[in-house]
Amino acid sequence: MDEEGPDCGKADFVLLDQVTMEDFMENLKLRFEKGRIYTYIGEVLVSVNPYQELPLYGPEAIAKYQGRELYERPPHLYAVANAAYRAMKRRSRDTCIVISGESGAGKTEASKHIMQYIAAVTNPSQRAEVERVKDVLLKSTCVLEAFGNARTNRNNNSSRFGKYMDINFDFKGDPVGGHIHSYLLEKSRVLKQHVGERNFHAFYQVLRGCEDSQLEDLHLQRNPALYSFTRQGAGLNPLDSDERSHHQAVMEAMRVIGFSPEEVDSVRRILAAILHLGNIEFVEMEEGGLEQGHVAVAEEVLVDHVAELTATPRESVMRCLLSRTVASGGRELIEKGHTAAEASYARDACAKAVYQRLFEWVVNRINCVMEPRGRDPRRDGKDTVIGVLDIYGFEVFPVNSFEQFCINYCNEKLQQLFIQLILKQEQEEYEREGIAWQSVDYFNNATIVDLVERPHRGVLAMLDEACSAAGTITDRIFLQSLDTHHRHHAHYTSRQLCPTDKTMEFGRDFRIKHYAGDVTYSVEGFIDKNRDHLFQDFKRLLYNSSDPTLRAMWPDGQQDITEVTKRPLTAGTLFKNSMVALVENLASKEPFYVRCIKPNEDKVEYLGLLENVRVRRAGFASRQPYPRFLLRYKMTCEYTWPNHLLGSDRAAASALLEQHGLQGDVAFGHTKLFIRSPQTLVTLEQSRARLIPIIVLLLQKAWRGTLARWRCRRLRAVYTIMRWFRKHKVRAHLAELHRRFQAARQPPLYGRDLVWPMPPAVLQPFQDTCRLLFCRWRARQLVKNIPPSDMAQIKAKVAAMGILQELRQDWGCRRAWARDYLSSATDNPTASGLFAQRLNALREKDGFGTVLFSSHVRKVNRFNKRQDRALLLTDRHLYKLDPGRQYRVMRTVPLALVTGLSVTSGRDQLVVLHARGQDDLVVCLHRSQPPLDNRVGELVGVLAAHCQGEGCALEVRVSDCIPLSQRGARRLVSVEPKPEQPEPDFRCSRGAYTLLWPSR
């Protein structure tokens, strides 16, 4: 997260030049437009809901705030969470984080981020029990949202209850348990919702998320419009896939927390029973009907469903719906039938009570799982606690009823605590630092709290009196009583007391001037909502259920109807008692505050934020420890930059302020500097802002130079290491070469089987050269031992190898090459003498020097004639001879005209000789000893060696389909293996020759 500049506004409202609503809103708007949704009021964090995902959270952001002081980083929820955690861990003191704001302001999301931060920075050793507690803490939010949140006109996921969670930590600072308190669940939402709103999420998740078989067991259908309690919000449902995914997430969270499958099934059945209960309607029967009380259920199958789902007898459910049992003074039981209106009231009261008990049971079940296990203070030390309070802020609607009255009373109590704690902290800090305490002028809302909760005369006390009075007491009579007792109260008024105020209605409205603004309340429904009466019959019915989960929710149902019991406490008294206990709990902890607001709504005044700023600025706008003050501003003074040489940090701070001429606007404490006006801080910040770019450039230059020197030294070291390593590798490689090739001079192999070691990369070219030299040296050694008479044969074989290697399967390199086979008595026993005579005659005639090659052949010509002939190759001519006519010369071709020859890749003896200006000669070597001896390689080798010696080119082609030319006509010749062929011969076809080779 980047540091904030002046263009982002003031990060702390205390630093505003003028504390007015206009300046406050302008700074808030500027920061919001710059993406800065968090701003401080001293140590109070103001959070504006952005209604979009911002890159402000996650592991990277958590790391930037972990272990930091509150003002070291820009304002953030993580900073508050870290401050509370550090205070708890450092001083072993309980702390709490109070999150407040109106519906849709982002309280629930803020509490989630705080929980995620605490989970991320704890348990580095990954202890299993601590991880379990963290999982339960995080997953509990998902479950509570399902049962306690609903869609409203202001928020799609509005918390309809207040929540306070205590998290227990051990001496290491790891969470080991927790406890949740819930406040004022809006159970009236079960029955009815405003236009554009929905019932609690749990109902829709059951309808949309359960499997078809589960819905069938619950006698439910997926359409929420079929049920009275969910009909209003049926058209507002998100996508079915969203509801299913939410339902799966809640089921998974309940599994992780530790709800058993049987408990989860019971929860589903209870929700289904409430939906069926809402569809039950009552009809008045004519006189003389059989039904008791002259009231009947319009659709009795719904009663069957409710009885089955609650595991209670059908007759008992029907009796509770249509009548109630009362005990007379003589303990005689009387069954009194309901009218249709009374039955509907009883049904609705039962539905609200069942859902409230279900919600409370879920909270208690989570608490049972989160309770610290096996903790002994004598052994483990005292646990410390961080409390997180996510509670409603001031609510001001066009019509405000009993719920808004309780919520705003809660905020009055919290504001009273806030002011008291802030003033107490101020006074304690002044005394600790040796600075005279100055009285702070602020609005004390104790008189408003007293107006609500004062015994006997407070609004709640008078409401309880109206609920318990004999006879019929209406909401209008209750309002008249309020007017009588509070007509002179400065913060109370009504239309009766102020007839000219036409914003209120006679007999309905009264107004209280809260610390955050005026709120007009309608008394309609106050008495019924406060009384919150449920007939004892329903309690006994549900206590006697065979479902253990449902039975556990109704422990008060075990009382007998004849037992005399005290009148139950009213909803208002219960809420007041819970608020008193909550405030006492918070007062015992070190508090941190988060105020959540919604953007673009002119309701900031209802949070009392300006009052918070005024209280914070009443004494000194800012106070900082001397080391922190110097760390931030020392660059603005020559005596403190870069480090001071004065006697103390206090003296250095004094010198700095004197240089700026600001010493008259500060006070020096023992450890802190107190600055009275924001202008002083602005002056210091401006001086610092002018110098920071210069300092940054200086630091960048120095750091870049340092990095460059480090890199240079590293490179030098790297190159030195590389140089010495290369020397070592070269020496080692050369030593290994010397060791391996010591015996290379030994005949007859001369190092043929030696293996070359793998060289270093740098020596690879060197070793390649050495291998080439070694091969040449070895060849030289081998050649030196060859007799001169064999050199011609060796040269011919080398020439043949260079041409035919890897192109022809076998070219006869392993046999001795006799060259002149026609003069050999072995190959030509009957006519070798005749050939010798013909050879001498040709030598005398043409003057050739040596015979390169001679052999019998089978030839085919352009007339498709196949005949036996002899082939003679000398160093001057190529002769075709007729062995049947004493080797008479049939054709002579000067050797200089021979341009190339073609052979195949197989073992056949086909050869095609190409000559410039002559027909190509197609022959097959045969009549050899042994039969079918491989002599093609010998012919190629001797001819190629001769051409190399003469310096003329010879083209040798290897192909299994050889093209040739005869009298300008193009033909192809190929080979066909034929095992049954006795001797090689040609088969002629149009435009092609085929050598039939007797493959064996």
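Every value quoted in this text rests on a predicted model; they were computed, and no experiment measured them. (Residues numbered from 1 in each chain as written. Predicted model: local features only at pLDDT ≥ 70, side-chain atom pairs only at ≥ 80, totals over all residues. Heavy atoms only, no water.)

1. Quick notes on the UniProt feature "binding site: ATP" (unreviewed entry) in the chain
For step 1, the next point in the chain: Those places that UniProt annotates as "binding site: ATP" (unreviewed entry) correspond, in this numbering, to Gly101, Glu102, Ser103, Gly104, Ala105, Gly106, Lys107 and Thr108.
For step 2, the next point in the chain: As for its placement among the helices and strands, Ser103 is situated in the loop between β3 (95–101) and α4 (107–121).
For step 3, the next point in the chain: Take Ser103: its relative accessible area is 7%, and that puts it in the buried class.
For step 4, the next point in the chain: Beyond its immediate stretch of four places on either side in the chain, Ser103 contacts Thr152, Arg154, Asn155, Ser158, Arg160 and Lys598.
For step 5, the next point in the chain: Structurally, Thr108 can be placed in helix α4.
For step 6, the next point in the chain: In this structure Thr108 touches Glu145, Asn149, Ser159 and Asp390, once residues within four positions along its chain are discounted. (UniProt positions renumbered as here; feature names shortened; annotations may be inferred. Helix = DSSP H or I, 4+ residues; strand = E, 2+ residues; numbered from the N terminus. Buried < 20%, exposed > 50% of the residue type's maximum accessible area, 1.4 Å probe, protein only. Contact = heavy atoms within 4.5 Å.)

2. As for the domain arrangement of the chain
Where interface size is quoted, it is often the accessible area lost as the parts come together.
For step 1, the next point in the chain: Once the domains are mapped, the chain shows domain 1 (622–700), domain 2 (743–785) and domain 3 (788–954).
For step 2, the next point in the chain: Taken over C-alpha atoms, the centre of domain 2 sits 37 Å from the centre of domain 3. (Domains from an automatic or database assignment.)

3. Quick word on helix α3 (residues 77–91)
For step 1, the next point in the chain: For α3, built from 15 residues, the straight-helix expectation of 21 Å at 1.5 Å per residue is met to within 8% by its first-to-last C-alpha distance of 21 Å.
For step 2, the next point in the chain: Summarising burial for α3: 12 of the 15 residues are buried, a large majority.
For step 3, the next point in the chain: Within the sequence span of α3, burial applies to Leu77, Tyr78, Ala79, Val80, Ala81, Asn82, Ala83, Ala84, Tyr85, Arg86, Ala87 and Met88.
For step 4, the next point in the chain: Ser92 lies just past α3 and shows a positive phi near 50°. (Expected span 1.5 Å × (residues − 1).)

4. A look at the packing of helix α6 (residues 201–209) against helix α9 (residues 261–279)
For step 1, the next point in the chain: With their axes 10 Å apart at the nearest point, α6 and α9 run at an angle of 100° to one another. Between α6 and α9, the angle is such that the two are roughly perpendicular. Residues Ala202, Phe203, Val206 and Leu207 of α6 lie in contact with α9, whose contacting residues are Leu271, Ile274 and Leu275.
For step 2, the next point in the chain: Considered class by class, the residues forming the contact of α6 with α9 number seven nonpolar, no polar and no charged. (Axes fitted to C-alpha atoms, helices over the stretch in contact; angles between N-to-C directions. Parallel < 35°, antiparallel > 145°, perpendicular 65-115°, else oblique. Nonpolar A, V, L, I, M, F, W, Y, C, P; charged D, E, K, R; others polar.)

5. With respect to the pattern of salt bridges
Opposite charge on two side chains makes pairing possible when the charged atoms of those side chains draw close.
For step 1, the next point in the chain: A full pass over the atoms with the stated rule returns 42 salt bridges.
For step 2, the next point in the chain: In this structure, Asp556 and Arg357 form a salt bridge, with 3.0 Å as the shortest nitrogen-oxygen distance. On the criterion of sequence distance, the pair formed by Asp556 in the loop between α20 (548–552) and α21 (571–587) and Arg357 in helix α12 (residues 340–370) is long-range, its members being 199 residues apart.
For step 3, the next point in the chain: Judged by relative accessible area, which is 19%, Arg357 ranks as buried. (Salt bridge = Lys/Arg side-chain N within 4 Å of Asp/Glu carboxyl O.)

6. Side note on the packing of aromatic side chains
For step 1, the next point in the chain: Tallied over the entire structure, the rule returns 28 aromatic pairs.
For step 2, the next point in the chain: Ring plane angle 65° and centroid distance 4.9 Å describe the contact between Phe161 and Phe359, whose orientation is recorded as edge-to-face. Note that Phe161 is positioned in the loop between β5 (158–159) and β6 (162–169) and Phe359 in helix α12, a separation of 198 residues in sequence. Across the pair, Phe359 and Phe161 agree in class, each one buried.
For step 3, the next point in the chain: Centroid distance Trp756 to Phe774: 5.9 Å. Interplanar angle 75°. Geometry classified as edge-to-face. Placement of the pair is Trp756 in the loop between α25 (678–740) and α26 (764–784) and Phe774 in helix α26, with a sequence separation of 18 residues. Each of the two residues, Trp756 as well as Phe774, counts as buried.
For step 4, the next point in the chain: Taken together through their ring pairs, the aromatic side chains of Phe402, Phe405, Phe478, Tyr492, Phe510, Tyr521 and Phe526 make up a single cluster.
For step 5, the next point in the chain: The positively charged end of Arg198 is found above the aromatic ring belonging to Tyr204, 3.9 Å away from the centroid.
For step 6, the next point in the chain: Of note, Lys797 hangs over the ring of Trp817, and the distance from its end group to the ring centre comes to 5.5 Å. (Phe/Tyr/Trp six-rings, centres within 6.5 Å; stacked < 30°, edge-to-face > 60°. Lys NZ or Arg CZ within 6 Å of the ring centre and 35° of its normal.)

7. What about the UniProt feature "domain: TH1" (unreviewed entry) in the chain?
For step 1, the next point in the chain: Under the UniProt annotation, "domain: TH1" (unreviewed entry) lies at residues 806–999.
For step 2, the next point in the chain: In residues 806–999, helix accounts for 15% and strand for 41%; the two terminal C-alpha atoms are 21 Å from one another.

8. Concerning the pairing of β6
For step 1, the next point in the chain: Taken across its eight residues, β6 has eight buried, putting it largely inside the fold.
For step 2, the next point in the chain: Here β6 shows two buried faces, one formed by Gly162, Tyr164, Asp166 and Asn168 and the other by Lys163, Met165, Ile167 and Phe169.
For step 3, the next point in the chain: Where β6 and strand β7 (residues 175–183) come together, eight bridges link them in antiparallel fashion. Bridged to Ile167 within β7 is Gly178.
For step 4, the next point in the chain: Connecting β6 to the antiparallel partner β7 that follows it, the hairpin turn spans five residues, and Gly173 within it adopts a positive phi of roughly 90°.
For step 5, the next point in the chain: Both β6 and strand β12 (residues 384–392) contribute to a ladder of seven bridges, which runs antiparallel. Residue pairing in the sheet places Asn168 in a bridge with Val385 of β12. (Pairing = 2+ DSSP bridges.)

9. Some details on the sheet that holds strand β20 (residues 851–860)
Whether parallel or antiparallel, the strands of a sheet pair through hydrogen bonds between backbone atoms.
For step 1, the next point in the chain: Taken in spatial order, the eight strands line up as β23-β22-β21-β20-β26-β25-β24-β27 in an open sheet, and their pairing is mixed. Looking at strand neighbours, the two that pair on one side only are β23 (888–894) and β27 (955–958), the edges of this open sheet. Neighbour to neighbour, the strand axes of the sheet diverge by 30° on average, direction disregarded.
For step 2, the next point in the chain: Bridge analysis of strand β21 (residues 866–874) against strand β22 (residues 877–882) gives four bridges, and the strand direction is antiparallel. Counterpart to Ala870 in the pairing with β22 is Leu881.
For step 3, the next point in the chain: The strands that helix α28 (residues 832–846) touches are β20, β21, β22 and β23; relative to β22, the one it contacts most, it runs at about 145°.

10. Looking at a positive patch on the surface
For step 1, the next point in the chain: Residues Arg709, Arg711, Arg713, Arg714 and Arg716 make up a contiguous surface patch of positive charge.
For step 2, the next point in the chain: Examined against the element boundaries, Arg711 turns out to sit in helix α25. (Patch = residues over 30% accessible without salt bridge, like charges linked within 9 Å, V, L, I, M, F, W, Y side chains within 5 Å. Areas by Shrake-Rupley, 256 points an atom, 1.4 Å probe, with all protein chains shown as cover. Lys, Arg positive; Asp, Glu negative; His and termini not counted. Charge placed at Lys NZ, Arg CZ, Asp CG, Glu CD.)

11. Looking at empty space enclosed by the protein
For step 1, the next point in the chain: Using the criterion set out here, one finds 11 cavities of 30 Å³ or more in the structure.
For step 2, the next point in the chain: Here the largest cavity defines a volume of roughly 140 Å³.
For step 3, the next point in the chain: Lining the largest cavity are 15 residues, with Leu277, Val306, Thr310, Cys350 and Leu542 positioned closest to its centre.
For step 4, the next point in the chain: Secondary-structure elements contributing two or more residues to the lining of the largest cavity are α9, α10 (301–310), α11 (314–322), α12 and α19 (536–543).
For step 5, the next point in the chain: Counting residues per element, the lining of the largest cavity draws most heavily on α9, which supplies four residues. (1 Å grid on protein atoms, 1.4 Å probe; cavity = no way out; pocket = protein on both sides within 12 Å on 5 of 7 lines; lining within 4 Å. Points joined across faces, edges and corners; volume = space filled by probe spheres on them.)

12. Observations regarding the side chain of Arg86
For step 1, the next point in the chain: Topologically, Arg86 is positioned in helix α3.
For step 2, the next point in the chain: Residue classification places Arg86 among the buried positions, given a relative accessible area of 17%.
For step 3, the next point in the chain: Excluding anything up to four places from it in sequence, Arg86 contacts Gly67, Arg68, Glu69 and Arg91.

13. Structural notes on helix α14 (residues 402–433)
For step 1, the next point in the chain: Between its first and last C-alpha, α14 extends 47 Å over 32 residues, near the 46 Å set by a 1.5 Å rise per residue.
For step 2, the next point in the chain: α14 sits mainly inside the fold: 25 of its 32 residues count as buried.
For step 3, the next point in the chain: Just downstream of α14 lies Gly434, where phi reads positive at about 75°.

14. Quick word on the side chain of Asp174
For step 1, the next point in the chain: With respect to the helices and strands, Asp174 occurs in the loop between β6 and β7.
For step 2, the next point in the chain: When residues no more than four places from it in sequence are discounted, the contact partners of Asp174 are Thr122, Asn123, Pro124, Arg127, Val130, Asn168 and Phe169.

15. With respect to the nonpolar core
One recurring pattern in soluble globular proteins is that nonpolar side chains are buried together.
For step 1, the next point in the chain: Phe147, Tyr355, Leu358 and Ile366 are the most contacted members of the largest nonpolar core, which has 113 residues in total.
For step 2, the next point in the chain: A per-element tally of this core places α12 first, with 17 residues.
For step 3, the next point in the chain: Other than its neighbours up to four places away in sequence, Leu358 contacts Phe147, Val267, Ile270, Leu271 and Met553.
For step 4, the next point in the chain: Of all hydrophobic cores here, the second largest spans 64 residues; its members include Ile419, Val519, Val583 and Leu610. (Core = buried A, V, L, I, M, F, W, Y, C linked by side-chain atoms within 4.5 Å.)

16. A look at a nonpolar patch on the surface
For step 1, the next point in the chain: There is a patch of nonpolar side chains on the surface, built from Leu715, Val718, Tyr719 and Met722 and spanning about 330 Å² of accessible area.
For step 2, the next point in the chain: Tracing the chain through its elements places Tyr719 in helix α25.

17. Some points on the sheet that holds strand β31 (residues 992–997)
For step 1, the next point in the chain: Reading across from one edge, β28-β29-β31-β30 is the order of the four strands in this open sheet, with mixed pairing throughout. Two strands bound the open sheet, and with one partner strand each, they are β28 (961–966) and β30 (985–989). Sheet twist, expressed as the mean angle between neighbouring strand axes with direction ignored, is 30°.
For step 2, the next point in the chain: Strand direction decides the pairing type here: strand β29 (residues 969–977) and β31, joined by six bridges, are parallel. Paired with Val973 across the strands is Tyr993, a residue of β31.

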